[in-house]
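# Residue-level structural notes
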Amino acid sequence: MNKVILMGRLTRDPEVRYSQGEQATAIARYTLAVDRRFRRDNDQQTADFINCVAFGRSGEFAEKYFHKGTKIVVTGRIQTGSYTNQEGQKVYTTDVVVEEQEFAESKAASEGQGGGFQPAGRPEPSAAAPDGFMNIPDGIDEELPFN
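Described in the following lines is the structure provided in the data block.

So, how was this worked out
- Residues numbered from 1 in each chain as written.
- Predicted model: local features only at pLDDT ≥ 70, side-chain atom pairs only at ≥ 80, totals over all residues.
- Heavy atoms only, no water.
- Helix = DSSP H or I, 4+ residues; strand = E, 2+ residues; numbered from the N terminus.
- Buried < 20%, exposed > 50% of the residue type's maximum accessible area, 1.4 Å probe, protein only.
- Contact = heavy atoms within 4.5 Å.
- Phe/Tyr/Trp six-rings, centres within 6.5 Å; stacked < 30°, edge-to-face > 60°.
- Salt bridge = Lys/Arg side-chain N within 4 Å of Asp/Glu carboxyl O.
- Core = buried A, V, L, I, M, F, W, Y, C linked by side-chain atoms within 4.5 Å.

## Overview of the overall build of the chain
A count of helices and strands for the chain gives 2 helices and 6 strands. In the chain, the succession of α and β elements from N to C terminus is β-β-β-β-α-β-β-α. Evaluated residue by residue, the chain yields a buried proportion of 23% over its 147 residues. Taking the contacts inside the chain whose residues are at least 6 apart along the sequence as the reference set, 52% of them involve residues at least 24 apart.

Below is the structure:
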């Protein structure tokens with residue numbers, strides 16, 4: 001099985017081109033900065049930069065709505081390839097071919113307004129305890145689907 005799920009921010013606006021022929025197809029390329037969960041000792045990089053490519057309607061959607069800094073979720077598959085550059089050296093590539101893509105935050109939150117949806121009476125995600133679990137306030141347990 002070849003399945004990838006990523007959440008990150010676009011490092012730049014998508015680069016979109018159209019294939020030639022009767023039925024031109026949009027091909028959008030963008031790079032996602034995906035935060036690493038853990039950092040190794042002496043490792044200064046805290047994100048991986050992953051190249052993505054979206055075809056057809058997904059490419060058109062990316063062209064119209066995505067821009068630098070947008071936080072998105074991508075589902076797709078890894079595809080590897082290679083080509084020979086102008087200097088005659090073989091270059092290996094790895095891309096995520098996008099099958100699904102969607103926004104991961106509200107427009108207001110992505111613009112720095114902090115207006116993301118937060119249900120009333122629920123604690124902010126930043127209220128997590130040091131062990132990584134969020135404390136559930138009293139009186140909410142009847143809303144949970146399990147006890």
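Picking up after the structure, the text goes on.
## Notes on the packing of aromatic side chains
Per the counting criterion, the structure on display carries 5 aromatic pairs. A centroid spacing of 6.0 Å and a plane angle of 85° characterise the contact between Tyr30 and Phe66, whose relative ring orientation is edge-to-face. Pair noted here: Tyr30 is in strand β3 (residues 26-35) and Phe66 is in the loop between α1 (57-65) and β5 (71-84), with a separation of 36 residues, a long-range link. Of the residues examined, Phe66 reaches a relative accessible area of 4% and is grouped as buried. Ring geometry for Phe66 and Phe103: centres 5.4 Å apart, planes at 85°, overall edge-to-face. You can see Phe66 sitting in the loop between α1 and β5 and its partner Phe103 sitting in strand β6 (residues 90-103), a full 37 residues away along the chain. Residue classification places Phe103 among the partly exposed positions, given a relative accessible area of 39%.

## Considerations on the pattern of salt bridges
Within the structure shown, the criterion is met by 4 salt bridges. Here Glu15 ties to Arg17 by a salt bridge, and the two come within 3.3 Å at their closest N and O atoms. The exposure class assigned to Glu15 is partly exposed, which follows from its relative accessible area of 37%. Judged by its relative accessible area of 57%, Arg17 falls in the exposed class.

## Digging into the nonpolar core
Counting 15 residues, the largest nonpolar core has Tyr30, Leu32, Ile72 and Val74 as the members making the most contacts within it. In contact with Ile72, not counting residues within four places along its chain, are Leu6, Met7, Gly8, Leu10, Tyr30, Leu32, Phe66, Glu102, Phe103 and Ala104.

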